Amino acid sequence: MLRKKQDIIETALRLFEEHGYRAVGIDRIIAESGVAKMTMYNHFRSKDDLVVAVLRERDQRTRASLTEFVGRAKRGRPQIRAIFEWLDQRIKCSGFSGCMFVNAVSEYGIDSGDIARAAAEHKASMQAYFESVLMDSVPEQANALARQMMMLVDGAIVSAQVSRRADSADSAREIFSRLLPEPSPGSGRAIARPTKAEARRAA
């Protein structure tokens, strides 16, 4: 039974990511996941409940991917760079269709209850992770910089989705490099300043 529930979530996640939430009906999810209608409603009372489950699943996968990728870098500023490298890979992967959390709120509205709450909790968790990474380099400014990093990450994703800017993660990194204080002597290397060529690409 749990396998069937996961099949439904996997199918819905794929379809919602490819086509959006409102464009995909329950009947299509049932057909493509290969379950009976009764099985669907045994696990999810409504489509909204399924959307929330999909967002929870995507939240877990996104944060696991990020922490695994960043964890391979040395602590401190190399991990800050790794966040933007992870973002760059995400934007450039095949099938990229923006942020499922932003898309959900866009389609259902900020007053959509559990859907909006799941999206907000994901963003808060991501920001908290950014802050934990920044604590190694700039503990006094980690909270404020984490908020700014979250805005840059979201902006880069929207830019890549709407304007097809494949270099949006690089642009976000360049901006953040100017916000990040220079390291004190002996504390390690700073994030690399953008080259003239990089600055021209970001313009």
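Treat the numbers as computed from the prediction; the structure is a model and nothing was measured.

A. Here's a closer look at the overall build of the protein. When its secondary structure is counted, the protein shows 10 helices and 0 strands. Scanning the protein from its N terminus toward the C terminus, one meets helices and strands in the order α-α-α-α-α-α-α-α-α-α. When the 203 residues of the protein are sorted by exposure, 44% land in the buried category. In the protein, the proportion of contacts linking residues at least 24 apart, taken out of those at least 6 apart, comes to 63%.

B. Up close: the side chain of S168. Turning to its location among the elements, S168 is positioned in helix α9 (residues 168-179). By relative accessible area, S168 is classed as buried at 6%. Polar side-chain contacts of S168 include one of 3.3 Å to the backbone oxygen of R165. Filtering out sequence-adjacent residues up to four positions away, S168 remains in contact with I91, A156, S159 and A160.

C. Molecular detail of the packing of helix α5 (residues 77-92) against helix α8 (residues 142-162). Contact geometry for α5 and α8: axes closest at 10 Å, N-to-C directions at 20 degrees. Here α5 is positioned roughly parallel relative to α8, judged by the angle of their axes. In terms of crossing hand, the pair formed by α5 and α8 is right-handed. Facing I80, I83, F84, L87, R90 and I91 of α5, the residues of α8 in contact are M149, V153, A156, I157 and A160. Residues of the contact of α5 with α8, tallied by class, amount to 10 nonpolar, no polar and 1 charged.

D. Structural view of the packing of helix α6 (residues 100-108) against helix α7 (residues 114-134). Between α6 and α7, whose axes approach to 9 Å, the crossing angle comes to 150 degrees. Between α6 and α7, the interaxial angle falls into the category roughly antiparallel. Where α6 crosses over α7, the handedness of that crossing is left-handed. Taking contact as the criterion, the partners of F101, V102, A104, V105 and Y108 in α6 are, on α7, I115, A116, A118, A119, H122 and K123. The residue inventory of the contact of α6 with α7, partitioned by class, reads 9 nonpolar, 1 polar and 1 charged.

E. Representation of the nonpolar core. Formed by 59 residues in total, the largest nonpolar core has its most connected members in F16, L50, F130 and L134. Mapped onto this core, the elements with two or more residues apiece are α1 (2-19), α2 (26-33), α4 (47-71), α5, α6, α7, α8 and α9. The element best represented in this core is α8, accounting for 10 residues. Residues contacting L134, with those up to four places away along its chain left out, are I80, P139, A142, L145, A146, M149, F176 and L180.

Thresholds, definitions, all that
Residues numbered from 1 in each chain as written. Predicted model: local features only at pLDDT ≥ 70, side-chain atom pairs only at ≥ 80, totals over all residues. Heavy atoms only, no water. Helix = DSSP H or I, 4+ residues; strand = E, 2+ residues; numbered from the N terminus. Buried < 20%, exposed > 50% of the residue type's maximum accessible area, 1.4 Å probe, protein only. Contact = heavy atoms within 4.5 Å. Polar contact = N/O pair within 3.5 Å; in protein donor to acceptor, adjacent residues only side chain to side chain. Axes fitted to C-alpha atoms, helices over the stretch in contact; angles between N-to-C directions. Parallel < 35°, antiparallel > 145°, perpendicular 65-115°, else oblique. Left-handed = near helix turned anticlockwise from the far one by under 90°. Nonpolar A, V, L, I, M, F, W, Y, C, P; charged D, E, K, R; others polar. Core = buried A, V, L, I, M, F, W, Y, C linked by side-chain atoms within 4.5 Å.

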